[in-house]
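A look at the structure
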Amino acid sequence: MSTPFFPGFKVHRAELGDATIHAEVGGSGPPLLLLHGYPQTHVAWHRVAPALARHFTVVAPDLRGYGDSAGPGGDPLHIHHCKRTLGGDQVRLMKSLGFDRFAIVGHDRGARVAYRLCLDQPGVVSAFTSLTVVPTEAMWRRANMDFGLKAFHWYLFAQPFDLPERLLDADPAYFLDWSLRSAVLRFDAVTPQALAEYHRAFAKPSVRHAMIEDYRAAASIDLRHDNEDLAAGRRIACPLQVLWSASNTARPDPVEIWRQWADHVEGAAIDCGHLMAEEAPDEVLAHVLPFLQRHA
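Here the structure is a predicted model, which means the values were calculated and not measured.

1. Comments concerning the pattern of salt bridges
Counted under the stated rule, the structure contains 26 salt bridges. Between Glu228 and Arg224 there is a salt bridge, with its nearest N and O atoms 3.5 Å apart. In this pair, Glu228 and Arg224 both sit in helix H11 (residues 221–232), four residues apart, roughly one turn of the helix. Of the charged contacts, one joins Arg234 and Asp229 as a salt bridge, the two residues approaching to 2.7 Å between their closest N and O atoms. One network of salt bridges, with partners in common, ties together Arg84, Arg116, Asp120, Asp226, Asp229 and Arg234.

Structure representation (structure tokens):
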């Protein structure tokens, strides 16, 4: 049965023991995994997935705990929601579809899962596109007042259980709308249908808890994993493309940051806000398709 956001795609649910991953799969050709970010679901890709599916077998999952995927609650070390664990989910998802090696386009949290997977299991990823992200270690090291005011949720969600959960419980819909408005240059780039889907997911306490645990992991175990890789000299071996918002002038050149982590890096700025695949789908495709066709 086709799905409303991805015509011609089919729903696939991977039962992984400690997690269930909901995904939509469509197209033909080399496998391509699309990993969404906060506070979205796989629906974030609805403006680019059909075009990508003309060239690739596209797999668009909800990350563990997000959307219609499910997983365990938080743990003291945040292992259940660290990027290493979430990356392992994606490897098992792709194996359930018959793919041992694949390309990834990741946005926001999904890009953090993707680069961790590139480092942990280098033979699995053929090519990686990062939308709007530099490594977590670099984010924390370069954090300043501008970052803290714009991305205050990084600090809020890193607080111990259950302070952030209680605060978000007070008015989830308002918090979600505020978060999306602050992430875009044009709020109407998020279609009413996509917005309704994000609200449906965000209304679930389990989803909000998983998102918060994702950020707790970023302030603890994920940062430790990054520092361990830097100390050991581990690098991303596959070709890496980084795209970032031209409106974000608060950080140095993302290509230069990524060159500290990867051997092959290319990239460009796009004139849009943070939700690139929804705000500027044509521009994203114009960069991503040639890169993937060369390397995936």
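2. Considering the nonpolar core
Membership of the largest hydrophobic core comes to 98 residues, with the highest contact counts inside it found for Leu52, Phe128 and Trp258. No other element matches helix H3 (residues 109–120), which puts seven residues into this core. If we skip the residues at most four places from it in the chain, Phe128 touches Ile104, Gly106, Ala111, Ala114, Tyr115, Cys118, Cys238, Pro239, Leu240, Gln241, Trp258 and Phe291.

3. Side note on the packing of aromatic side chains
By the definition in use, this model includes 15 aromatic pairs. For the pair Phe6 and Phe9, a centre-to-centre distance of 5.2 Å together with 40° between the ring planes defines the contact as tilted. Aromatic pair Tyr174 and Trp178: ring centres 6.2 Å apart, planes at 35°, arrangement tilted. On the criterion of helical spacing, the pair formed by Tyr174 and Trp178 is a turn pair, its members being four residues apart in helix H8 (residues 172–183). Among the aromatic residues, those joined into a ring-pair cluster are Tyr38, Trp140, Phe147, Phe152, Trp154, Tyr155, Phe157, Phe175 and Tyr215. Above the ring of Trp154, the side-chain terminus of Arg109 is found at 5.2 Å from the ring centroid. Taking the ring centre of Tyr215 as reference, the NZ or CZ of Arg109 above it sits at 3.8 Å.

4. Focus on the sheet that holds strand S4 (residues 57–61)
The strand order across the open sheet built from eight strands is S1-S2-S4-S3-S5-S6-S7-S8, with neighbouring strands paired in mixed fashion. Lying at the two open borders of the sheet, with one neighbouring strand each, are strand S1 (10–15) and strand S8 (265–270). Each adjacent strand pair in this sheet contributes to an overall mean axis angle of 20°, direction not counted. Note: strand S7 (residues 240–245) against S8, six bridges, orientation parallel. Bridge pairing links Leu243 to Ala268 in S8. In the packing of helix H2 (residues 83–96) onto the sheet, contacts are made with S1, strand S2 (20–27), strand S3 (31–35), S4 and strand S5 (102–107), and the angle to S3 comes to roughly 145°. The sheet strands contacting H3 are S3, S5 and strand S6 (125–131), and the helix crosses S5 at an angle near 145°.

5. A closer look at the side chain of Arg64
You can see Arg64 is positioned in the loop between S4 and H2. A relative accessible area of 1% means that Arg64 is categorised as buried. A polar side-chain atom of Arg64 sits 2.8 Å from a polar atom in the side chain of Asp89.

6. A short note on the environment of Val284
Secondary-structure assignment places Val284 in helix H14 (residues 281–295). Note: C-alpha distance between Val284 and Glu197 (87 residues apart in sequence) is 22 Å. Look past the residues within four positions of Val284 in its chain and what remains in contact with it is Ile270, Met276 and Ala277.

7. Side note on helix H9 (residues 192–202)
Regarding H9, the residues found buried are Ala194, Leu195, Glu197, Tyr198, Ala201 and Phe202. Across the axial projection of H9, the buried residues extend over an arc of 160°, all falling on one side. Facing away from the buried surface of H9 by more than 90 degrees, the exposed residues are Pro192 and Gln193. Buried residues along H9 sit against helix H7 (163–169), H8, helix H10 (205–218) and helix H13 (276–279).

8. Some remarks on the side chain of Asp214
Tracing the backbone through its elements, the reader meets Asp214 in helix H10. A distance of 2.7 Å separates a polar atom in the side chain of Asp214 from a polar atom in the side chain of Tyr66. If we skip the residues at most four places from it in the chain, Asp214 touches Tyr66, His81, Lys83, Arg109 and Asp222.

9. With respect to the packing of H8 against H9
A pair of packed helices is captured by two measures, namely the crossing angle of their axes and the spacing between those axes. Their axes nearest at 10 Å, the elements H8 and H9 cross at an angle of 135°. On the basis of the axis angle, H8 is oblique to H9. For the pair H8 and H9, the crossing hand works out as right-handed. Across from Pro172, Ala173, Phe175, Leu176, Asp177 and Leu180 in H8, the residues of H9 making contact are Leu195, Tyr198, His199 and Phe202. Each residue belonging to the contact of H8 with H9 can be placed in one class, and the counts come to eight nonpolar, one polar and one charged.

Rules used throughout
- Residue numbering note: each chain is counted from 1, following its sequence as written.
- It should be noted that, the model being predicted, local features are given only for residues of pLDDT at least 70 and side-chain atom pairs only at 80 or more, the latter also being counted only at that level, while totals for whole chains, interfaces and linings use all residues.
- Where side-chain values are given, they derive from all heavy atoms of the structure, hydrogens and water being excluded.
- Put simply, a salt bridge is a Lys or Arg side-chain nitrogen that is within 4 Å of an Asp or Glu carboxyl oxygen.
- Counting from the N terminus, the helices are the DSSP runs of H or I reaching at least four residues and the strands are the DSSP runs of E reaching at least two.
- To define a nonpolar core, start from buried Ala, Val, Leu, Ile, Met, Phe, Trp, Tyr and Cys residues and group those joined through side-chain atoms within 4.5 Å.
- Residue exposure (1.4 Å probe, protein chains only): buried if accessible area is under 20% of the type maximum, exposed if over 50%, otherwise partly exposed.
- Between two residues, a contact is recorded if the distance between any of their heavy atoms is within 4.5 Å.
- The rule is short: rings of Phe, Tyr and Trp, with Trp giving its six-membered ring, pair when the centres are within 6.5 Å, and they are stacked under 30 degrees, edge-to-face over 60, tilted in between.
- Both a distance and an angle decide whether a charge sits over a ring: NZ of Lys or CZ of Arg must be within 6 Å of the ring centre and within 35 degrees of the ring normal.
- By definition, two strands form a pair when at least two bridges between them are found by DSSP.
- For helices, the fitted axis covers only the stretch in contact; all axes are lines through C-alpha atoms, and the angles between them, taken along N-to-C directions, range from 0 to 180 degrees.
- For this analysis, a polar contact is any N or O atom pair within 3.5 Å, provided that within protein one partner can donate a hydrogen and the other can accept it, and provided that sequence-adjacent residues contribute only side-chain to side-chain pairs.
- Along the arc lie the directions from the helix axis toward the C-beta atoms.
- Any angle from 65 to 115 degrees is called roughly perpendicular, while one under 35 is roughly parallel, one over 145 is roughly antiparallel, and all others are oblique.
- Handedness of each helix crossing follows the sense of rotation of the near helix against the far helix: counterclockwise by less than a right angle gives left-handed, clockwise gives right-handed.
- Classification convention: Asp, Glu, Lys, Arg as charged; Ala, Val, Leu, Ile, Met, Phe, Trp, Tyr, Cys, Pro as nonpolar; all other residues, Gly among them, as polar.

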